[in-house]
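Listed below are the residues making up each chain.
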Amino acid sequence: MNDTQRIITVAVIALATAITRFLPFIVFPEGKKVPAVIMRLGKILPYAIIGLLVVYCLKDAVFTSFHALPELISIAVVVLLQKWKKNMYLSMISGTVLYMVLVQLVFKG
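Residues numbered from 1 in each chain as written. Predicted model: local features only at pLDDT ≥ 70, side-chain atom pairs only at ≥ 80, totals over all residues. Heavy atoms only, no water.

## Considerations on the overall build of the chain
Counting its regular elements, the chain contains four helices and zero strands. N-terminal to C-terminal, the α/β element order of the chain is α-α-α-α. With 109 residues in all, the chain has 8% of them scored as buried. Of all intrachain contacts in the chain linking residues separated by at least 6 positions in sequence, the fraction that spans at least 24 positions is 39%. When the accessible area of the chain is evaluated, it comes to approximately 9,400 Å², of which 73% is carbon and sulfur surface. With 11 positive and 4 negative side-chain charges, the chain shows a separation of 13 Å between the mean positions of the two kinds. (Helix = DSSP H or I, 4+ residues; strand = E, 2+ residues; numbered from the N terminus. Buried < 20%, exposed > 50% of the residue type's maximum accessible area, 1.4 Å probe, protein only. Contact = heavy atoms within 4.5 Å. Areas by Shrake-Rupley, 256 points an atom, 1.4 Å probe, with all protein chains shown as cover. Lys, Arg positive; Asp, Glu negative; His and termini not counted. Charge placed at Lys NZ, Arg CZ, Asp CG, Glu CD.)

## With respect to the environment of V34
Here V34 is to be found in the loop between α1 (3–27) and α2 (36–58). Not counting chain neighbours up to four residues away, the residues in contact with V34 comprise F28 and M39.

## Some points on the side chain of S74
Residue position: S74 is located in helix α3 (residues 69–85). You can call S74 buried: its relative accessible area is 6%. A distance of 3.4 Å separates the side chain of S74 from the backbone nitrogen of Y99, its partner in a polar contact. Setting aside residues up to four positions removed in sequence, S74 forms contacts with G95, L98, Y99 and L102. (Polar contact = N/O pair within 3.5 Å; in protein donor to acceptor, adjacent residues only side chain to side chain.)

## Points about the packing of aromatic side chains
Evaluated as defined, the whole model comprises zero aromatic pairs. Over the aromatic face of Y56 sits the side chain of K59, whose NZ or CZ is 5.0 Å from the ring centroid. We note K85 situated over the ring of W84; from NZ or CZ to the ring centre the distance is 4.4 Å. (Phe/Tyr/Trp six-rings, centres within 6.5 Å; stacked < 30°, edge-to-face > 60°. Lys NZ or Arg CZ within 6 Å of the ring centre and 35° of its normal.)

## Some words on the packing of α3 against helix α4 (residues 88–106)
Here α3 crosses α4 at 160°, and the two axes come no closer than 8 Å. Looking at the two axes, α3 sits roughly antiparallel to α4. Like other packed secondary-structure pairs, α3 and α4 cross with a definite hand, here right-handed. On α4, the residues that touch P70, E71, I73, S74, V77, V78, L81, Q82 and K85 of α3 are M88, L90, S91, S94, G95, L98, Y99, L102 and V103. Each residue belonging to the contact of α3 with α4 can be placed in one class, and the counts come to eleven nonpolar, five polar and two charged. (Axes fitted to C-alpha atoms, helices over the stretch in contact; angles between N-to-C directions. Parallel < 35°, antiparallel > 145°, perpendicular 65-115°, else oblique. Left-handed = near helix turned anticlockwise from the far one by under 90°. Nonpolar A, V, L, I, M, F, W, Y, C, P; charged D, E, K, R; others polar.)

Okay, structure coming up:
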C-alpha cells in the first residue's frame, strides 16, 4: 500500500466515522418524535448484542470435559455479580479478569 492509498483509506475511515456519529442527530433532531420502531430497537438491541457476545465467546469452548471450566466459572461470577450489584462494568471486568487468571494460572496446560 503506497502513501496515497493510506491517505485515502484514513480519509474514508474518518468520513465513515463522522457520518455514523452525526447521522442520528441529523435524522432525529431534538424536538422531532422518534419513530416507534427505532425506540423498540433501542430497547431490544442491547440484549441481542450481549447474547451475540456470549455465543461468540463460547463458540470454541469444549463442554464435554473440564476444558470449559474457566468459562463456566467466569459466566457464573458475571451472572451473580450482575444480579447482586447490577453494575455491567463491574460484572464484565470481573468476569474477564477472573477468566484470565483461571486460564493463565489455575488451568494451565
